[in-house]
Amino acid sequence: MRPVSVVGIGADGWAGLTDAARAELSAADVVVGSARQLALLPASVASERVPYPSPLVAGLPGLLDAHAGRAVAVLASGDPMVFGVGATLARLLGPERLRVLPHVSSVTLACARLGWAAEEVETVSLVGRPLAALTAALAPGRRVLVLSADAGTPALVAALLTERGYGESRVTVLGDLGAATESRHDGTAADWPVGETLPALNVVAVTCADVPSTAPLGRVPGLPDEAYESDGQLTKQEVRAVTLAKLAPLPGELLWDVGAGSGSVAVEWLRAHSSCRAVAVERDPVRADRVRHNADALGVPRLRVVTGAAPGALDGLPAPAAVFVGGGVTGAGVVETCWDALAPGGRLVANAVTVESEAVLAGWHARLGGDLVRLSVQRASPVGGFTGWRPLMPVTIWTARKEREQ
């Protein structure tokens, strides 16, 4: 089976390609790319030119099948393996079926223009992704590169920065990087001109403001309760921090948050690492919508929300590395289904605040072992002219790990 060539191309087009990349494109029977990319090829490249399918990921298998047995080259912007189609093709076909010829990425070019150390910069792609994904990257003094979807992205970025209290942040839009038409526009988020004409191919560089009015949120578990919209069904800050420590998120792992309430545990699991994944299961449609709102507001719009009651709503979900049961512990079959679904080495954490739910967890602890912890939290509050301690409801936390197969 012929390998698929993936050729990175920059805004400088054919002139910026290496001899090897030009030879690969010239020898191809079919060249696949966006309309803009295909237009960069000279007439001397006689290959059949095929536009990307839409939607891209769903359409790629059919497109490749239609040209099976032919020499296929796929064009990618810059480095195909940096937020590019190369990574998608590697997942689809396997890396052994690809020949990747990268160009300089827009991230590298932007850092070169700005004098920024690439390893100290967070990169967020908004190509095919919601604007809310940028929120989690914001912190005082932080440098962020945003890969734009189009000419309208910089204005949306500026508006979000202003809304989140980062209106004084420095914003630089670098357009057509590497081309003769390369441009640069500088300003601040709060004063960004509305309706300014910018190149469709652009990168937004943000230096987040560090001002007293900014109220940043940390990246470790235990965000303030006030960070969430809630009707009271919320795992409280101190309990949440302990719960996440028990769940122990690792990069790339999937969490089920069963009986999600406000979604706080799933949200903070996702904030632990950009590659973490989570599904929040909530039977109440109003609360499910609230989970989505909290996920967007806290920068993790990738949270998948399933509206329905467990255990039925769990059918067909991918196997989790960890499960948190925050609601529904006493429901028939809920804990059993979650435990059975866990991958080897997976963790199950369940919280209880009632006598009945505590009894359920005590039974599972007797059956499967693990850790059983009772957590009591007291918060200081005014008592007349003095200060006293007001206890929250004690929470029992059961943690169990499924043994790996020997």
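Above this text sits the structure in question.
Treat the numbers as computed from the prediction; the structure is a model and nothing was measured.

> For the overall build of the protein chain, give the residues involved together with the corresponding values.
From N to C terminus, the protein chain includes eleven helices and 19 strands. The proportion of buried residues among the 406 residues of the protein chain is 46%. Here the protein chain displays about 19100 Å² of accessible surface, and carbon together with sulfur accounts for 54% of that area. A distance of 2 Å separates the average location of the 35 positive side-chain charges in the protein chain from that of its 40 negative side-chain charges.

> Explain the packing of helix α7 (residues 237–247) against helix α8 (residues 264–272) residue by residue, including any values.
In a pair of packed helices, the angle between the axes and the distance between the axes together describe the arrangement. Running from N to C, α7 and α8 point in directions that differ by 55 degrees, and their axes come no closer than 10 Å. Considering their axes alone, α7 and α8 lie oblique with respect to each other. In the crossing of α7 with α8, the sense of the turn from one axis to the other is right-handed. The residues of α8 that touch α7, namely those facing Arg240, Thr243, Leu244 and Leu247, are Ser264, Val265, Glu268 and Trp269. Tallied by class, the residues present in the contact of α7 with α8 amount to four nonpolar, two polar and two charged.

> Which residues make up the layout of surface pockets, and what are the values?
The space that makes up the second largest pocket amounts to roughly 980 Å³. When contributions to the lining of the second largest pocket are tallied by element, the ones reaching two or more residues are β11 (254–258), α8, β12 (277–282) and β15 (347–352). Tallied by class, residues from the lining of the second largest pocket come to 18 nonpolar, 18 polar and six charged.

> Please provide a residue-by-residue account of the pattern of salt bridges, values included.
The full count for this structure, using the stated rule, is 15 salt bridges. Here Asp231 and Arg287 are joined by a salt bridge, their closest N and O atoms 2.8 Å apart. Placement of Asp231 in the loop between β10 (202–207) and α7 and of Arg287 in helix α9 (residues 285–297) is noted, with a sequence separation of 56 residues between them. In this structure Asp231 comes out as partly exposed when scored by relative accessible area, which is 42%. Salt-bridge contacts for Asp289 lead to Arg292; the nearest nitrogen and oxygen are separated by 2.8 Å. Of this pair, Asp289 and Arg292 both sit in helix α9, separated by three residues, roughly a single helical turn. Residues participating in the shared-partner salt-bridge network are Asp225, Glu238, Arg240, Glu268 and Arg379.

> Account for α9, naming residues and giving values.
With 13 residues, α9 should cover 18 Å at 1.5 Å per step; its first-to-last C-alpha distance of 18 Å lies within 8% of that length. Turning to α9, its buried residues are Ala288, Arg290, Val291, Asn294, Ala295 and Ala297. Two or three places before Val286, at the start of α9, stands the capping residue Asp284, its side-chain oxygen 2.8 Å from that residue's backbone nitrogen. Once α9 ends, the next one or two residues include Gly299, with phi positive near 85 degrees.

> With reference to specific residues and values, describe unusual backbone geometry.
Following Ser54, the chain continues into Pro55 via a peptide bond in cis, with omega recorded as 0 degrees. Summarising the element assignment, Pro55 is placed in the loop between β3 (48–51) and α3 (56–66). Note the cis peptide between Ala310 and Pro311, where omega equals 10 degrees. You can see Pro311 is positioned in the loop between β13 (304–307) and β14 (322–325).

> Explain the sheet that holds strand β8 (residues 170–175) to me, and be specific about the residues and the numbers.
Pairing within the open sheet is mixed, and its five strands lie in the order β6-β7-β10-β8-β9. Looking at the sheet topology across the chains shown, the edges are occupied by β6 (122–125) and β9 (183–188). Each adjacent strand pair in this sheet contributes to an overall mean axis angle of 20 degrees, direction not counted. Bridging between strand β7 (residues 143–147) and β10 involves five bridges; their strand directions are antiparallel. Note that in β10 the partner of Arg143 across the bridge is Thr207. Across the face of the sheet, helix α5 (residues 106–114) comes into contact with β6, β7, β8, β9 and β10 while running at roughly 135 degrees to β7. Contacts between helix α6 (residues 153–163) and the sheet are confined to β7, β8 and β10, with β10 contributing the most and set at about 20 degrees to the helix.

> Explain the environment of Ala133 to me, and be specific about the residues and the numbers.
Within the element layout of this structure, Ala133 appears in the loop between β6 and β7. Taking the relative accessible area as the measure of exposure, Ala133 reaches 23% and is therefore partly exposed. Between the alpha carbons of Ala133 and Pro212 there is a distance of 24 Å; along the sequence they are 79 residues apart. Sequence-distant contacts of Ala133, defined by excluding residues within four places in its chain, comprise Val124, Gly299 and Pro301.

Criteria and cut-off values
Residues numbered from 1 in each chain as written. Predicted model: local features only at pLDDT ≥ 70, side-chain atom pairs only at ≥ 80, totals over all residues. Heavy atoms only, no water. Helix = DSSP H or I, 4+ residues; strand = E, 2+ residues; numbered from the N terminus. Buried < 20%, exposed > 50% of the residue type's maximum accessible area, 1.4 Å probe, protein only. Areas by Shrake-Rupley, 256 points an atom, 1.4 Å probe, with all protein chains shown as cover. Lys, Arg positive; Asp, Glu negative; His and termini not counted. Charge placed at Lys NZ, Arg CZ, Asp CG, Glu CD. Axes fitted to C-alpha atoms, helices over the stretch in contact; angles between N-to-C directions. Parallel < 35°, antiparallel > 145°, perpendicular 65-115°, else oblique. Left-handed = near helix turned anticlockwise from the far one by under 90°. Contact = heavy atoms within 4.5 Å. Nonpolar A, V, L, I, M, F, W, Y, C, P; charged D, E, K, R; others polar. 1 Å grid on protein atoms, 1.4 Å probe; cavity = no way out; pocket = protein on both sides within 12 Å on 5 of 7 lines; lining within 4 Å. Points joined across faces, edges and corners; volume = space filled by probe spheres on them. Salt bridge = Lys/Arg side-chain N within 4 Å of Asp/Glu carboxyl O. Expected span 1.5 Å × (residues − 1). Polar contact = N/O pair within 3.5 Å; in protein donor to acceptor, adjacent residues only side chain to side chain. Pairing = 2+ DSSP bridges.

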